[in-house]
Structure formats: C-alpha cells, structure tokens
Amino acid sequence: MIELPEPPRLTAPSTDVRVGYLVGEQADVVARGTDDAWLGPASRDFAAFVAARTGVVERWGVPSTLLWFTSGPYYLGTLVLRHRLLEHGYGGHIGYHVVAPWRRQGHATAMLAQGLQHARDLGVDRALLTVAPENEWSRRVVLANGGVPDGRNGEGEDRFWIGTAG
Ligand SMILES: CC(C)(COP(=O)(O)OP(=O)(O)OC[C@H]1O[C@@H](n2cnc3c(N)ncnc32)[C@H](O)[C@@H]1OP(=O)(O)O)[C@@H](O)C(=O)NCCC(=O)NCCS
C-alpha cells in the first residue's frame, strides 16, 4: 500500500492535488460504473473546477462547504457539509465518499470525525447523517463516530444524530 506522507486532513479544494484528484475520481467512477462525463471538462480546466467548489456554495437550496481529504499530493475523498438541513427534512448535514483506491483503510471514519469538527465550527451542535439501509459500510462509519439511530426518513434512509462537541 502507498505510504501517506502525513495523516490525511480535510482541506479546501486545491489545484495542488490535481493529478491525485482526477486519477482517484476516475478510478472511482470506473469501479462504481457511475457517470464519467464530468471528468473531461474537469481535467481540461482544473482551476475553474476548483474555483466553482471553493468557499460557501449554495447546493440543494442551502449553503454548503465542500472539503477534500488529502495528504501531500494524494486525494482520498470528499466531504460535503450542509450548514443547515433541507426544508423538506430529507438528507443530513454531512455527505461523503472515499474514492475506490483508498477504501477499507479507515479513511471515511477519520474523515467524518474531522468533518464533525468543521460542523461544530459552523455552529451545528448535533449533526444529522442519513444512510441507505443497504449501505452497511457507511453505517459502520457513522456508528464508529457515535451515531445515535433515529428512525427512517421519508426517502427510506436511516437517520443518525452525532453530537459535535467531541
Ligand atoms: C462508504 C464509504 C464512504 C466507506 O469508506 P471507507 O474509507 O472504505 O470506510 P472505512 O475504511 O472507514 O471503513 C468503515 C467500515 O466499513 C467496512 N468496510 C468498508 N468497505 C468494506 C467492504 N468493501 N467490505 C466489507 N467491509 C467494508 C470497514 O471494514 C469498516 O468496518 P469496521 O469499522 O467494522 O472495521 C465508501 O465505501 C464510499 O465512498 N462509498 C460510496 C459512497 C457512499 O456510500 N457514501 C456514503 C453515503 S451515506
């Protein structure tokens, strides 16, 4: 396995990890069979791609911040932090993925732990996480971070609350 130069941490999107990001996300879309059309424009003008994802961005009608989990030139995954919950009550405060080459090494668990600190800094005392019932691995990530189950939302996803005070 690749030895990381330093413990990974959540950082603002940056052109510094251009190759790591593009190769990691491409490996991920190939592994998951998901849409790859966005990778072409992203690789053509990575600076614009990063600029569009920097700072507080309105997504799904609420302010959100996108953070990348990186170590030196390596990009491991993304975490999205919603500053408040959606009006209709679906979804949670935090979403994330770890790209395929870096899975099963504890990175999602560590990334969520750091994401909860960012949520606290934004004034979110209790973060809501929602997980599809079949997503056993994400459930483990949430439970490892102290997630307390709270039923299921109208979209059929399991809800968990995590206090951000630590
Ligand atoms: C879910 C996801 C974030 C997990 O990332 P990860 O970095 O592999 O997670 P971790 O290494 O921290 O592992 C978390 C737990 O899941 C288990 N796990 C992860 N992948 C696994 C696999 N392929 N098979 C079996 N167990 C697996 C780990 O062993 C660990 O369990 P443990 O705490 O009991 O030891 C990643 O698979 C992913 O990005 N999936 C697609 C997007 C997604 O589902 N996002 C979450 C939406 S709620």
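Rules of the game
Numbers given for residues are sequential positions, taken from 1 along each chain in its written order. Where local features are concerned, this predicted model is filtered to residues with pLDDT of at least 70; where side-chain atom pairs are given and counted, the filter is 80 or more; whole-chain, interface and lining totals use all residues. Side-chain descriptors were evaluated using all non-hydrogen atoms of the structure, hydrogens and water having been removed beforehand. If a single non-hydrogen atom of a residue is within 4 Å of a molecule or strand, that residue counts as near it. Pairs of N or O atoms within 3.5 Å make up the polar contacts considered here, provided that, within protein, one atom can donate a hydrogen while the other can accept it, and that residues adjacent in sequence are counted only when both atoms are side-chain atoms. Accessible surface area values rest on a Shrake-Rupley calculation with a 1.4 Å probe, where residue burial reflects the displayed protein chains alone. Using only the protein atoms, space was sampled on a 1 Å grid; points where a 1.4 Å probe fits but cannot get out form cavities, open sets with protein on both sides within 12 Å along at least five of seven lines form pockets, and lining residues are those with an atom within 4 Å of a point. Criterion for pocket placement: a molecule counts as inside a cavity or pocket if more than half of its atoms are within 2 Å of its grid points. Elements are defined by DSSP. Helices are runs of H or I of four residues or more, strands are runs of E of two residues or more, and each kind is numbered from the N terminus. Note on residue categories: nonpolar means Ala, Val, Leu, Ile, Met, Phe, Trp, Tyr, Cys or Pro, charged means Asp, Glu, Lys or Arg, and polar means any other residue, Gly included. In short, DSSP must find at least two bridges between two strands for them to pair. Lines fitted to the C-alpha atoms define the axes, with helices restricted to the stretch that makes contact. Angles between their N-to-C directions range from 0 to 180 degrees. Only heavy atoms enter the contact rule, under which two residues are in contact if any of them lie within 4.5 Å.

**With respect to the site of the ligand**
- Close to the ligand lie 17 residues; Tyr96, Arg104, Gly106, Thr109 and Asn135 are nearest.
- Arginine 104 is positioned with one of its backbone polar atoms (N or O) 2.7 Å from an oxygen atom of the ligand.
- Arginine 140 places a polar side-chain atom, nitrogen or oxygen, 3.1 Å from an oxygen atom of the ligand.
- With the chains in place, 74% of the 930 Å² that the ligand exposes on its own is no longer accessible.
- Placement of the ligand is best described as lying within the largest pocket.
- Listing elements by their share of the shell around the ligand, those giving two or more residues are strand 5 (94-98), helix 4 (107-121) and helix 5 (136-144).
- With 4 residues, helix 5 is the single largest residue contributor to the shell around the ligand.
- When its residues are assigned to classes, the shell around the ligand shows 5 nonpolar, 8 polar and 4 charged.

**So, the sheet that holds strand 6 (residues 126-131)**
- Taken together, the 3 strands give an open sheet; going across it, the order is 6-8-7, and neighbouring strands pair in antiparallel fashion. Two strands bound the open sheet, and with one partner strand each, they are strand 6 and strand 7 (148-152). Adjacent strand axes in the sheet meet at a mean angle of 30 degrees, parallel and antiparallel pairs treated alike.
- Pairing geometry for strand 6 and strand 8 (residues 158-163), over 6 bridges, is antiparallel. Within strand 8, the position partnered with valine 131 by the bridge is aspartate 158.
- Lying over the sheet, helix 5 contacts strand 6 and strand 8, oriented at roughly 25 degrees with respect to strand 8.

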